[in-house]
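# Understanding the architecture of this molecule
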Amino acid sequence: MADVLKIIFQIVHNTPFWVWVVLVILIKRGTALIAESPVSLKRSFIMPSIFIIWGLDTIVNQFGNPNVLLNFYVISLIPGFLLSYLLYKKQAFYIKNGLLIQEGSVIPLIIMMLNFSAKYLLNVVLATRPMLYNDFQFNIFYGCICGFTIGLFFGGIFRIVQAKRQLGIHKK
C-alpha cells in the first residue's frame, strides 16, 4: 500500500502546474453547466480547442508514428461525436431575452472530466514508459482514445447549432 501511495504522490508531484489549472477550469465550467445557462457557440469551442491543441502538440512532437496516430484520431472522432449527439439529443433549449438558453445537465461535466482523465492517464503512462511513444500499437490506442474523447465534445456543439436553427437564432 505504501508503494502505491508513493507512486501516486510522485505522479501528482511531477504533474505540471498548468495541468491543475486546466482541471480547475474544467470543473468550474462543467459545474456551471449543471444549471440552465445561456449558450455561446464560440465558448463551446474553448474546451475542445484546449484538448485538441494539447493532443496534437503531443502527437506531432513526441510520437514515433504521428501520421498513423492522426488517422486513428480522426476516424475515432466519429463514434465519439455520435455517442455525444445521442446523449445531447434530448437536451432542451429555449429563447429568453433574445439568448439561447440550454437546460442544465451533468453531461458536459462528465465529458470534460472524461477528456481530462483520459489525457492525464495516457500522459502518465507515457511519462513512466517513454518507449511507448514509438510503440505502433500504443500509437493506435492513443489516437483512438484521444479522437473518441474529442469527438464527445462535438455532438454537443452540433446540438447547439441545431437548436439555433430550430429556434431561428442566427447570431451570437
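Notes on the structure follow. On a predicted model such as this, the values are computed, not experimentally measured, just so you know.

### As for the environment of Ser37
Along the chain, the position of Ser37 falls in strand β1 (residues 37–38). Expressed as a C-alpha distance, the spacing of Ser37 and Ser105, which sit 68 residues apart in the sequence, is 10.0 Å. Once residues lying within four places of it in the same chain are set aside, the contact partners of Ser37 are Leu100, Ile101 and Gln102.

### Quick notes on the packing of aromatic side chains
Here the structure, examined in full by the defined rule, presents 14 aromatic pairs. Here the aromatic rings of Trp54 and Phe116 are separated by 6.3 Å at their centres, their planes lie at 50°, and the arrangement is tilted. Of this pair, Trp54 sits in helix α4 (residues 46–62) while Phe116 sits in helix α6 (residues 107–128), placing them 62 residues apart in sequence. Here the two residues Trp54 and Phe116 agree in accessibility, since each one is buried. Judged by centre distance (4.6 Å) and plane angle (45°), the rings of Phe63 and Tyr142 are tilted. Here Phe63 is found in the loop between α4 and α5 (66–88), whereas its partner Tyr142 is found in helix α7 (residues 136–167), with 79 residues between them in sequence. By the burial criterion, Phe63 is buried, and Tyr142 matches it. An aromatic cluster is defined as three or more aromatic residues linked by ring pairs; in this entry it consists of Trp18, Trp20, Phe51, Trp54, Phe116, Tyr120 and Phe153. Taking NZ or CZ as reference, Lys119 lies 5.3 Å from the ring centre of Trp54, over its face.

### Looking at α5
Look at α5: 32 Å from first C-alpha to last across 23 residues, which is about the 33 Å you get at 1.5 Å a residue. Every buried residue belonging to α5 is among Leu69, Tyr73, Ser76, Gly80, Ser84, Tyr85 and Tyr88, and all of these are buried. On its buried face, α5 is in contact with α4, α6 and α7.

### Quick word on the sheet that holds β1
In spatial order, the strands read β1-β3-β2; together these three strands make up an open sheet with antiparallel pairing. The open sheet has two edge strands, β1 and β2 (93–96), and neither has a second partner. As judged from the four bridges shared by β2 and strand β3 (residues 99–102), these two strands associate in the antiparallel manner. Directly across from Ile95, in β3, lies its bridge partner Leu100.

### With respect to the nonpolar core
Across soluble globular proteins, nonpolar side chains show a tendency to be buried alongside one another. Counting residues in hydrophobic clusters, the biggest one holds 29 residues, and the most contacted among them are Phe63, Phe116 and Tyr142. By residue number, the principal contributor to this core is α6, which donates eight residues. Sequence-distant contacts of Phe116, that is, excluding residues within four places in its chain, are made with Val19, Val22, Leu23, Leu26, Phe51 and Trp54. Counting six residues, the second-largest nonpolar core is a separate cluster that includes Val39, Phe93, Leu100 and Ala163.

### Concerning the pairing of β3
Across two bridges, the pairing between β1 and β3 is antiparallel. Considered in β3, the bridge of Ser37 is made with Gln102.

### Comments concerning a nonpolar patch on the surface
On the surface, a nonpolar cluster with roughly 620 Å² of combined accessible area is contributed by Met1, Val4, Leu5, Ile8, Phe9 and Val12. By the element assignment, Met1 lies in the segment before α1 (2–14). Accessibility expressed as a relative area gives 77% for Met1, which makes it exposed.

### As for the state of the cysteines
Per the stated rule, a full pass over the model turns up zero disulfides. Cysteine Cys144 is unpaired, with the sulfur of Cys146 as its nearest cysteine sulfur at 9.7 Å. The exposure class assigned to Cys146 is buried, which follows from its relative accessible area of 3%.

### Notes on the packing of α5 against α6
Packing of α5 against α6 leaves a shortest axis separation of 11 Å and a crossing angle of 160°. Classified by the angle their axes make, α5 and α6 are roughly antiparallel. Where α5 crosses over α6, the handedness of that crossing is right-handed. Packed against α5, whose contacting residues are Ser84, Leu87 and Tyr88, the element α6 presents Ile107, Pro108 and Ile111 at the interface. Tallied by class, the residues present in the contact of α5 with α6 amount to five nonpolar, one polar and no charged.

Rules and cut-offs
- Residues numbered from 1 in each chain as written.
- Predicted model: local features only at pLDDT ≥ 70, side-chain atom pairs only at ≥ 80, totals over all residues.
- Heavy atoms only, no water.
- Helix = DSSP H or I, 4+ residues; strand = E, 2+ residues; numbered from the N terminus.
- Contact = heavy atoms within 4.5 Å.
- Phe/Tyr/Trp six-rings, centres within 6.5 Å; stacked < 30°, edge-to-face > 60°.
- Buried < 20%, exposed > 50% of the residue type's maximum accessible area, 1.4 Å probe, protein only.
- Lys NZ or Arg CZ within 6 Å of the ring centre and 35° of its normal.
- Expected span 1.5 Å × (residues − 1).
- Pairing = 2+ DSSP bridges.
- Core = buried A, V, L, I, M, F, W, Y, C linked by side-chain atoms within 4.5 Å.
- Patch = residues over 30% accessible without salt bridge, like charges linked within 9 Å, V, L, I, M, F, W, Y side chains within 5 Å.
- Areas by Shrake-Rupley, 256 points an atom, 1.4 Å probe, with all protein chains shown as cover.
- Salt bridge = Lys/Arg side-chain N within 4 Å of Asp/Glu carboxyl O.
- Disulfide = S-S within 2.5 Å.
- Axes fitted to C-alpha atoms, helices over the stretch in contact; angles between N-to-C directions.
- Parallel < 35°, antiparallel > 145°, perpendicular 65-115°, else oblique.
- Left-handed = near helix turned anticlockwise from the far one by under 90°.
- Nonpolar A, V, L, I, M, F, W, Y, C, P; charged D, E, K, R; others polar.

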